[in-house]
Amino acid sequence: MTDIDKKDGPADTPPAGPEAIKAIPVRHYGRYVSAVVALALLAAVVYAFSQGKINWGAIPDYFFDDRILDGVGRTLLLTILSMAIGIVGGVLLAVMRLSKNPVTSSIAWFYIWFFRGTPVLVQLIVWFNLGLVFEYINLGPFYKNEWSDFMTPFLTALLGLGLNEAAYMAEICRAGLLAVDEGQTEASHALGMSHVKTLRRIVIPQAMRVIVPPTGNEVINMLKTTSLVSVVQYPELFRAAQDIGQTSGAPAEMLFLAAAWYLLLTSVFSIGQYYLERYYARGSSRSLPATPFQKIKANLLSLSNRSASTGGTA
Amino acid sequence: MTAMVKAEGVHKSFGPVEVLKGIDLEVKQGEVFCLIGPSGSGKSTFLRCINHLEKINAGRLYVDGELVGYRQKGDKLYELKDSEVALKRRDIGMVFQRFNLFPHMTALENVIEAPIQVKGVAKGQARERARELLDRVGLADKAGNYPSQLSGGQQQRVAIARALAMDPKLMLFDEPTSALDPELVGDVLDVMRDLAESGMTMVVVTHEMGFAREVGDSLVFMDGGVVVESGDPREVLTNPQHERTQAFLSKVL
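Nothing here was measured: the structure is a model prediction, and the numbers come from that model.

Caption draft 1: Expanded view of the overall build of chain B. When helices and strands are tallied, chain B shows nine helices and twelve strands. Computed over its C-alpha atoms, the radius of gyration of chain B comes to 18 Å, within 12% of the 18 Å expected for a compact globule of 253 residues. When the backbone C-alpha atoms are referred to their principal axes, chain B occupies close to 50 × 50 × 35 Å. Put simply, chain B has 253 residues, and 54% of those count as buried. When the accessible surface of chain B is summed, it comes to about 10,900 Å², and 45% of that surface belongs to carbon and sulfur atoms.

Caption draft 2: Region of interest: the pattern of salt bridges. Within the structure shown, the criterion is met by 20 salt bridges over all chains. Ionic pairing is found between Lys-6 of chain B and Glu-8 of chain B, a salt bridge with its closest N-O pair at 3.6 Å. Classification of Lys-6 of chain B as partly exposed rests on a relative accessible area of 32%. Two residues, Arg-244 of chain B and Asp-223 of chain B, come together in a salt bridge whose shortest N-O distance is 3.4 Å. With Arg-244 of chain B in helix α9 (residues 243–252) and Asp-223 of chain B in strand β11 (residues 218–223), this pair connects stretches of sequence that are 21 residues apart. Bridged by salt links that share partners, the residues Arg-97, Glu-171 and Arg-174 of chain A form one connected network.

Caption draft 3: Structural context of the sheet that holds strand β9 (residues 170–174) of chain B. All names here are of chain B. On the basis of which strands lie adjacent, the open sheet formed by six strands has the order β8-β9-β10-β3-β11-β12 and mixed pairing. Taken across any chain shown, the strands that pair with only one partner, and hence form the sheet edges, are β8 (92–95) and β12 (226–231). Sheet twist, expressed as the mean angle between neighbouring strand axes with direction ignored, is 15°. Looking at chain direction, strand β3 (residues 32–36) and strand β10 (residues 201–205) are connected through four bridges and run parallel. By the bridge assignment, Val-32 is partnered in β10 with Met-202.

Caption draft 4: Just unusual backbone geometry, in detail. Residue and element names in this part refer to chain B. Although it is not a glycine, Asn-100 sits at a positive phi angle of roughly 55°. Secondary-structure assignment places Asn-100 in the loop between β8 and α3 (107–119). Its identity as a non-glycine residue notwithstanding, Asp-167 has a phi of 50°, on the positive side. Relative to the assigned elements, Asp-167 resides in the loop between α5 (152–164) and β9.

Caption draft 5: Seen up close, the interface of chain A and chain B. Each partner contributes residues to the interface: chain A has 23 residues there, and chain B has 26 residues. Carbon and sulfur atoms make up 55% of the area that chain A and chain B hide from each other, which totals about 2,100 Å². Here chain A is connected to chain B by two salt bridges. Across the salt bridge formed by Arg-201 of chain A and Glu-113 of chain B, the nearest N and O atoms sit 2.6 Å from each other. Linking chain A with chain B are seven residue pairs in polar contact (both at pLDDT 80 or more), by the criterion used here. Put simply, the parts of the chain that give the side of chain A that touches chain B at least two residues each are α8 (182–190) and α9 (195–225) of chain A.

Caption draft 6: Region of the structure containing helix α4 (residues 102–117) of chain A. Residues and elements named next belong to chain A. Here α4 is 16 residues long and its end C-alpha atoms lie 22 Å apart, about the 22 Å a rise of 1.5 Å per residue gives. Those residues of α4 that fall on the buried side of the exposure criterion are Ser-105, Ala-108, Ile-112 and Phe-115. Summarising the axial view, the buried residues of α4 lie within an arc of 110°, below the 170-degree limit, and thus occupy one face. Exposed side chains of α4 directed beyond 90 degrees from the buried face belong to Pro-102, Val-103 and Gly-117. Contact partners of the buried residues in α4: α3 (66–98), α5 (120–128) and α7 (153–179).

About the criteria used
Residues numbered from 1 in each chain as written. Chains lettered and ligands numbered in written order. Predicted model: local features only at pLDDT ≥ 70, side-chain atom pairs only at ≥ 80, totals over all residues. Heavy atoms only, no water. Helix = DSSP H or I, 4+ residues; strand = E, 2+ residues; numbered from the N terminus. Rg over C-alpha atoms; globule rule 2.2 N^0.38 Å. Buried < 20%, exposed > 50% of the residue type's maximum accessible area, 1.4 Å probe, protein only. Areas by Shrake-Rupley, 256 points an atom, 1.4 Å probe, with all protein chains shown as cover. Salt bridge = Lys/Arg side-chain N within 4 Å of Asp/Glu carboxyl O. Pairing = 2+ DSSP bridges. Axes fitted to C-alpha atoms, helices over the stretch in contact; angles between N-to-C directions. Contact = heavy atoms within 4.5 Å. Buried area = accessible area lost by both parts, 1.4 Å probe. Polar contact = N/O pair within 3.5 Å; in protein donor to acceptor, adjacent residues only side chain to side chain. Expected span 1.5 Å × (residues − 1). Arc of directions from axis to C-beta.

Structural data, given as structure tokens:
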């Protein structure tokens, strides 16, 4: 509540005024109580898991199992490729949606309406079963095959996730494009720049600041959503963990293992997102937010300063 | 000598609201032409019509003898393609009330952007020229700063340098000092005065009556979408004939 107990006072304290205030800080007893309660609950949960019939030793045994690593590789591949489809499709749909052509903007609207309005799990299974509609796929002289041979589990997963993602990315991109001040477009046009150059050089770089954070969210979401494609027989991480669980007799343990891998991967993606946001923030604020390394360095510095200067109160 | 800008009965409506109700005026080459008037009088809209940021609904508007936004063949008007409009805008610099610098680019990058992207000037050459222009507006040491690191007055001077980088034959100023703190106005006006002395044709929408009196060659008072009074700035400002001009000037002077 108060900052009075801080030794190095805020800048607005009158300079060279009367003696500094030395007050007894307010005691927040409620905080102590809630901290103790929270710690006790946490300890109870940890204790329950440690006493449960879970063979924790099985997790490190299989953590770097070849099947698991293959699964991780497929999960990453699927995440990256379906996000790529999602982003390219999303940009295209966003531009279509914002275009003055009523036909293209309606088509984009319809696409987004459909793919956002149906569950991705249902979409995946529909793609898998589209053989009921199309018996053959025939691309003229280039490619001809039976649908069921063409639609491999991988392709099903990729199309199912990517096309669904495009609908979400379209809305994110549209929001980003609309967030850029109209004066920017005007200034660019007044300089004689074309629509395309204005979009590419002026509007999109500024829209990226708005687009990147939710897109990072989407990547992390996508990474987790890939676990759904186990239903179309694609052996990604979750499927691999389940398979091992059934043969090794440690099904629950393998779920924890999969969860640990997902956590690890999402953490890595979050770090990447942080640096991407930093890049697109250039020029937007007077000083860029510190990187974790800079923060750690600053914390260490201030820690040593504090212990040196305020040793008495600490 | 042909007029740089010539308006004949220019009308402009936004939906049901008629903002310009028939503007006739002529801006001569090399002249500083000031537009004054209360807000909502249509002066900014008229300025934006000159480089076709707004389409006019009726009348004719010429820049350097050429129709703005259209091509006339016989008695038929053809709308110009976007690329043709862009081609004409190259020669018309514009300075906005709210600067509209590109925030993700440094001052120097703002100035070299259009010459490189539009005219295809070589990067080194564009940089050299940009440094000259930034020096001319007194900001040689701010070339590497982003707009957010500059004061309003500095941003506006970068914006002027950005417009000059395209070597325009006409400069449009849309209330260039209205968004500035009072003590920063002088720097921007100095740059504009310097530009006027170099012989640039300028159309200036302004509330700075001092600037209009000192630097202006012609002045137009607009109200309610029409030109109420026009003439020599010193004449109009000190001895207004029309009562609406008198009322307006008594409030702002």
